[in-house]
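A structural walkthrough
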Amino acid sequence: MKSKLVFKIMGYLLLLLAVSMIPPFLIALFTGQDDMMAFLISIAVTAVTGFVLMRIKIDEKSTVKNREGLAIVTFGWLFASIFGALPFFISGYIPSYIDAFFETVSGFTTTGATILTDIEVLPMGLLFWRSFAHWIGGMGILVVAVAILQMVGSSGFHIFKAESPGPIADKIAPRIKDTAKILYTAYVAITLLEFVLLMFGGMSAYESAIHTLGTGGFSTRNASIGAFNSSYITIVISIFMIMSGVNFSLYYLIFKRKFRDVYKNSELRLYLGVILASTIAIAINTNATVYANWFESFKHALFQVSSLVTTTGYTSFDYEQWDTFSQAILFMLMFVGGSAGSTGGSIKVIRILALIKLVKREFIKILHPRSVVTVKIDGQAMADDTLMNIASFFMLYMMIFIFGSIIVATEGVGLSGAASSVAATLGNIGPGFGFVGPTQTYAAFSSPIKLLLSFFMILGRLELFTVLALLTPKFWRA
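1. Re helix 17 (residues 324-333)
- By the burial criterion, the buried members of helix 17 are Ser326, Gln327, Ile329, Leu330 and Leu333. Here the buried residues of helix 17 occupy an arc of 155° about the axis, which is enough to place them on one side.
- Looking at the buried side of helix 17, the elements it contacts are helix 15 (266-286) and helix 16 (294-309).

2. Section: the nonpolar core
- Formed by 121 residues in total, the largest nonpolar core has its most connected members in Trp129, Leu330, Val408 and Tyr442.
- The element best represented in this core is helix 4 (residues 66-84), accounting for 9 residues.
- The contacts of valine 408, once residues within four sequence positions are left out, are Val413, Ala418, Ser421, Val422, Phe445, Ile449, Leu452 and Leu453.
- Residues Ile350, Leu358, Ile377 and Ile390 belong to the second largest nonpolar core, which totals 11 residues.

3. Structural notes on the pattern of salt bridges
- Counted by the stated rule, this structure contains 7 salt bridges.
- A salt bridge links lysine 450 to aspartate 99; the shortest N-O distance between them is 2.7 Å. Linking lysine 450 in helix 21 (residues 447-461) with aspartate 99 in helix 6 (residues 97-108), this pair joins segments that are 351 residues apart in sequence. Neither lysine 450 nor aspartate 99 differs from the other in exposure class; each is buried.
- Glutamate 463 is the partner of arginine 351 in a salt bridge, and the nearest nitrogen-oxygen pair spans 2.6 Å. Of this pair, arginine 351 sits in helix 18 (residues 349-367) while glutamate 463 sits in the loop between helix 21 and helix 22 (465-468), and the two are 112 residues apart along the sequence.

4. Observations regarding the side chain of arginine 361
- Along the chain, arginine 361 turns up in helix 18.
- Arginine 361 gets classed as buried once you look at its relative accessible area, which sits at 15%.

5. A closer look at the packing of aromatic side chains
- Within the structure shown, the criterion is met by 21 aromatic pairs.
- Judged by centre distance (5.6 Å) and plane angle (40°), the ring pair of phenylalanine 102 and tyrosine 442 falls under tilted. Remark: tyrosine 442 occurs in the loop between helix 20 (414-426) and helix 21 and phenylalanine 102 occurs in helix 6; sequence separation between them is 340 residues. Of the two residues, phenylalanine 102 and tyrosine 442, both sit in the buried class.
- Taking 6.3 Å as the distance between ring centres and 45° as the angle between the ring planes, the aromatic pair formed by phenylalanine 455 and phenylalanine 456 counts as tilted.
- An aromatic cluster is built from Phe108, Phe128, Trp129, Phe132, Trp135, Tyr187, Phe248 and Tyr251, whose rings are joined through pairwise contacts.

6. Focus on the packing of helix 1 (residues 3-20) against helix 3 (residues 36-54)
- Following both chains from N to C, one finds helix 1 and helix 3 inclined at 155°, their axes separated by 7 Å at the closest point. Between helix 1 and helix 3, the angle is such that the two are roughly antiparallel. With respect to the hand of their crossing, helix 1 and helix 3 are arranged in left-handed fashion. When helix 1 is examined against helix 3, the residues Phe7, Lys8, Met10, Gly11, Tyr12, Leu14, Leu15, Leu17 and Ala18 are found in contact with a partner set consisting of Ile43, Thr46, Ala47, Thr49, Gly50, Phe51, Leu53 and Met54.

7. Comments concerning the packing of helix 20 against helix 21
- Put simply, helix 20 and helix 21 touch, their axes get as near as 7 Å, and they point 40° apart. Classified by the interaxial angle, the pair formed by helix 20 and helix 21 is oblique. Here Ser421, Val422, Thr425 and Leu426 of helix 20 come into contact with helix 21, specifically with Leu453, Phe456, Met457, Leu459 and Gly460.
- Looking at side-chain class alone, the contact of helix 20 with helix 21 contains 6 nonpolar, 3 polar and no charged residues.

Quick notes on the rules
In this numbering scheme, every chain counts its residues from 1 along its sequence in written order. Local features in a predicted model are, by the rule used here, given only for residues with pLDDT of at least 70; side-chain atom pairs are given and counted only at 80 or more, and totals for whole chains, interfaces and linings are based on all residues. Hydrogens and waters are ignored; side-chain quantities use all the structure's heavy atoms. The buried label applies to any residue whose accessible area, calculated with a 1.4 Å probe on protein chains only, is under 20% of its type's maximum; exposed applies above 50%, and partly exposed to all values in between. In DSSP terms, a helix is any run of H or I states spanning at least four residues, a strand is any run of E spanning at least two, and both are numbered starting from the N terminus. Comment: arc refers to directions from the helix axis out to C-beta atoms. Should any heavy atoms of two residues lie within 4.5 Å, those residues are counted as being in contact. In plain words, nonpolar cores are sets of buried Ala, Val, Leu, Ile, Met, Phe, Trp, Tyr and Cys residues tied together by side-chain atoms within 4.5 Å. Criterion for a salt bridge: a side-chain nitrogen of Lys or Arg within 4 Å of a carboxyl oxygen of Asp or Glu. Each Phe, Tyr or Trp ring, with Trp reduced to its six-membered ring, pairs with another whose centre is within 6.5 Å; inter-plane angles below 30 degrees give stacked pairs, above 60 give edge-to-face pairs, and intermediate values give tilted ones. Note on geometry: axes are lines fitted to C-alpha atoms, helical ones only across the stretch in contact, with angles between N-to-C directions running from 0 to 180 degrees. In these notes the angle categories are as follows: under 35 degrees is roughly parallel, over 145 is roughly antiparallel, 65 to 115 is roughly perpendicular, and the rest is oblique. Two helices crossing with the near one rotated counterclockwise from the far one by less than a right angle form a left-handed crossing, whereas a clockwise rotation gives a right-handed crossing. The classification used treats Ala, Val, Leu, Ile, Met, Phe, Trp, Tyr, Cys and Pro as nonpolar, Asp, Glu, Lys and Arg as charged, and all other residues, Gly among them, as polar.

This is the structure we're talking about:
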């Protein structure tokens, strides 16, 4: 592996990270709060480290291959989290560096799990940085690097492929840099539209910006979205959470007026179908028992379904007050996730769809042993290698969930707390049930468990194989 090339690109990434700390620094400077110096020191340390790494001499013919792509993506997220935690730690608002690291990993991976018991005491700069990490990580830290770093060139596809959520990383444009730019254009456009609509709903520009920054779930209020007590804000955020869980390449098709292709997209139809069916089921279950009318039942059901299936993690109501039936639906949605190529996490709808079709094929082969049945999605046959990858991913995901739950259970948090904390971090969701329910935090976990859950967040965001490949001896052999 070309380690010098990897660390040189880490240098460029850290310079980008230092630049991204400037907006929260300016907020701290404008408000005159006590987090200004923490940002100034963090920017200096990050920029100097980045500059030193950037100066590493490499062979001019060095290019990023598959092995380097995996290393760059994994180390990129790790470096971003290590240096991104500095403002929280230096300011003293999160005195434990492990806690600051956990909070930062949660931000960049758009998980939204927090160790903070009182969010509202944080100064405005730190609150903004905490949520800005969602926006940076939502489309992918390295995707923006691919879009602007000339040194990556055509070989940037290995970075894009390693970081892109979903079993297949398709290029929208011939050049991968153009693909990254198209995706970010759609991402920025959706962000700006939600920002404007939230301001119309009475939110300040500051809070509107924070609540449009990716499907992460960090809010400025302890009670999350429920604190605003606004049906308009709840519905607007619900709609945009759903939009963020859609494959962003479909927005490019809409721009190209290929509406028929969007309508026929089977992943989109299953994704919207799951949301609609779950919302109706929970609304029926909670009407007249938890809420006084159908509007309130449907509004909160839609919000929580959208929040968990898109792995955002916002809450409008303490859903642990709902019936067990409704809670079971929400727990199931934690394993579904958004579409491939979205900002959502977890297993992804496209994999669920492929697994359903794979099971259907096995039933057909039992009835017709000599038949040759191909698994098709949107009229295209899926290669056996891709199906094997999906089946392997699902099996590995469930194994990590089971063994992770057993390890976390040693903390004495109960079965629901252990299982949902692993499901919520591995799926990049945030809140879970019981010990880590919507009104609780991850603060009471021990430092080793926080590091383990941080590892799960990065593991889930990078789709397991990218990170686990680095832990095998074969990867490091020349």
